[in-house]
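# Structural features, examined
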There are 2 protein chains.
Amino acid sequence: MMLIRRLAEPYAGQFALPGGFVLPHESLEVAAARELVEETGYRATYLEQLFTFGEPDRDPRGRVVTVAYYALVPEDQVLAAGTDASEVQWFSVSKLPPLAFDHAEILQKAHGRLKAKLDYSDVGFVLLPKEFSLSDLQEVHESILGHEVDPRNFRRKLESRGLVKETDHYRHTGRKPARLYTFAGNSTTDESSD
Amino acid sequence: MMLIRRLAEPYAGQFALPGGFVLPHESLEVAAARELVEETGYRATYLEQLFTFGEPDRDPRGRVVTVAYYALVPEDQVLAAGTDASEVQWFSVSKLPPLAFDHAEILQKAHGRLKAKLDYSDVGFVLLPKEFSLSDLQEVHESILGHEVDPRNFRRKLESRGLVKETDHYRHTGRKPARLYTFAGNSTTDESSD
DNA sequence: ACAAAAGTGTTCCATATACACCCATGT
DNA sequence: ACATGGGTGTATATGGAACACTTTTGT
């Protein structure tokens, strides 16, 4: 989970989700992408609307309705703090600091959504470079799900769904070289839900 | 699908979803429930946030962000048109009239969500009175899914999940009396997704 | 040679699907 | 008696879960 440390009141010094206000002629999604770049330097490739939070008292400054989006950020991305935030930092889902506003609730909802989408959509691939080993992909799944996965069952499922294409490249950084794969396709014709 | 005919411009005379503006100290969900009562007379028991629509040009009057909710309304509910609408009318999903704004897109999204939730949540029961026959429940599922369901498989699934409790009441309105059932419980501990 | 991660098969169980007839009642 | 919707069982296919050892390389 990527969080920023707030500079301004309220909640100055605490961690929070990056965010800001939508401009008059800007779509919600474009606004979310813009704020993310401004505050973390990351240009999102995957961005999905999560939920809209609108309790009347969730911001001490007055009525603020937040349309929350979440982005998936490959771990190797370099993040540079922008103007609104003094610090950008990664946290494990299980070790979150206290958060500003109702942002803990937002994060929890995002995590639940991600878990649910993991096995009927292609979100798992977004967090990896174009070529990856099957162990890489498995680790992504394990860290999102929060538990271990059996490598044989995992690989069998990938194969039966035709999700990956093997390349003839190998990564030689470990002990036994790992075959690299690419994502095979957009099978999920997303007519349903969100 | 329940729609109202608009009285005011823009799109006067066309069908649209009931809706309106959130009051300053009102939560989004309360606002949705209030507008539904005002425009259709129906007090929602099931109301769920669907999605937020915020394209800059979706309303010709200016920038309007819509936080869409959907309610489930048992068919036997009597609907009385309120002050903002001249007419409340039911439509089949497959035979919708032209709709105001981007409301067709909203409806389509709601339908997709409902289909997806049908078999991992309890939405199917909300559309029925407290006591219902298994054929009633099956018809609800068929009309949401848009295809027929095998009665043996359907009943077996209900039983294996323990979703219904049988009563010793029968409905004598058909030829063979149908045993009536009640909804058994809230098994779905909704920690995940939305 | 050994440490460390990559890779590989089989069995079992639960759940989904396909399919057709008898039953109980009201008219 | 018959028409109508209510109600029932079996066989097959599919997908998920549990489980441990061999392979290949770098050091």
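Please refer to the structure placed before this passage.
Report on the accompanying structure. (Residues numbered from 1 in each chain as written. Chains lettered and ligands numbered in written order. Predicted model: local features only at pLDDT ≥ 70, side-chain atom pairs only at ≥ 80, totals over all residues. Heavy atoms only, no water.)

## Some details on unusual backbone geometry
All names here are of chain A. For the bond from Glu-9 to Pro-10, the omega torsion is -5°, close enough to zero to count as cis. With respect to the helices and strands, the residue Pro-10 is situated in the loop between strand E1 (2-6) and strand E2 (15-16). A positive phi angle, close to 65°, is found at Tyr-11, a residue other than glycine. Of note, Tyr-11 is situated in the loop between E1 and E2. (Helix = DSSP H or I, 4+ residues; strand = E, 2+ residues; numbered from the N terminus.)

## A word on the nonpolar core
Ranked by internal contacts, the top residues of the largest apolar core, which has 31 residues, are Leu-137 and Val-164 of chain A. Only strand E3 (47-53), strand E4 (66-71), helix H2 (103-118), helix H3 (123-126), helix H4 (134-145) and helix H5 (151-161) of chain A provide two or more residues apiece to this core. Leaving out residues up to four positions away in the same chain, Val-164 of chain A has contacts with Phe-125, Phe-132, Leu-134, Leu-137, Leu-158, Tyr-181, Thr-182 and Ala-184 of chain A. Tyr-46, Ile-144, Leu-163 and Tyr-181 of chain B belong to the second-largest nonpolar core, a separate cluster that totals 25 residues. (Core = buried A, V, L, I, M, F, W, Y, C linked by side-chain atoms within 4.5 Å. Buried < 20%, exposed > 50% of the residue type's maximum accessible area, 1.4 Å probe, protein only. Contact = heavy atoms within 4.5 Å.)

## Overview of the protein's contact with DNA strand D
Looking at DNA strand D, there are 17 residues lining it, with Asn-153 of chain A together with Ser-135, Arg-155, Arg-175 and Arg-179 of chain B nearest. The sugar-phosphate share of atoms of DNA strand D within 4 Å of the protein amounts to 36%. Take Arg-156 of chain A: an N or O atom from its side chain is 3.3 Å from a base nitrogen of DNA strand D. Tallying contributions element by element places H5 of chain A first for the surface near DNA strand D, with four residues. Class assignment of the residues belonging to the surface near DNA strand D gives a composition of three nonpolar, two polar and 12 charged. (Near = heavy atom within 4 Å. Polar contact = N/O pair within 3.5 Å; in protein donor to acceptor, adjacent residues only side chain to side chain. Nonpolar A, V, L, I, M, F, W, Y, C, P; charged D, E, K, R; others polar.)

## A word on the packing of H4 of chain A against H5 of chain A
Residues and elements named next belong to chain A. Orientation of H4 relative to H5, taken along the N-to-C sense of each, is 105°, at an axis distance of 11 Å. Compared by their axis directions, H4 and H5 come out roughly perpendicular. Counted together, Leu-134, Ser-135, Leu-137, Gln-138 and His-141 of H4 and Pro-151, Phe-154, Arg-155 and Leu-158 of H5 form the full contact between these two elements. Each residue belonging to the contact of H4 with H5 can be placed in one class, and the counts come to five nonpolar, three polar and one charged. (Axes fitted to C-alpha atoms, helices over the stretch in contact; angles between N-to-C directions. Parallel < 35°, antiparallel > 145°, perpendicular 65-115°, else oblique.)

## So, the pattern of salt bridges
All names here are of chain A. Scanning all chains against the criterion turns up 22 salt bridges over all chains. For the salt bridge of Glu-48 with Lys-117, the shortest nitrogen-to-oxygen distance reads 3.1 Å. Of the two residues, Glu-48 sits in strand E3 while Lys-117 sits in helix H2, which places them 69 residues apart along the sequence. For the pair Glu-48 and Lys-117, a shared accessibility class is recorded, and that class is buried. (Salt bridge = Lys/Arg side-chain N within 4 Å of Asp/Glu carboxyl O.)

## So, empty space enclosed by the protein
Tallied over the entire structure, the rule returns one cavity of 30 Å³ or more. As a volume, the largest cavity reaches approximately 60 Å³. Around the largest cavity, the lining is made up of 10 residues, and of these Leu-50, Phe-51 and Arg-113 of chain A together with Leu-50 and Phe-51 of chain B lie nearest the centre. Broken down by secondary-structure element, the contributors of at least two residues to the lining of the largest cavity are E3 of chain A together with strand E3 (47-53) of chain B. A per-element tally of the lining of the largest cavity places E3 of chain B first, with four residues. A per-class count over the lining of the largest cavity returns four nonpolar, three polar and three charged. (1 Å grid on protein atoms, 1.4 Å probe; cavity = no way out; pocket = protein on both sides within 12 Å on 5 of 7 lines; lining within 4 Å. Points joined across faces, edges and corners; volume = space filled by probe spheres on them.)

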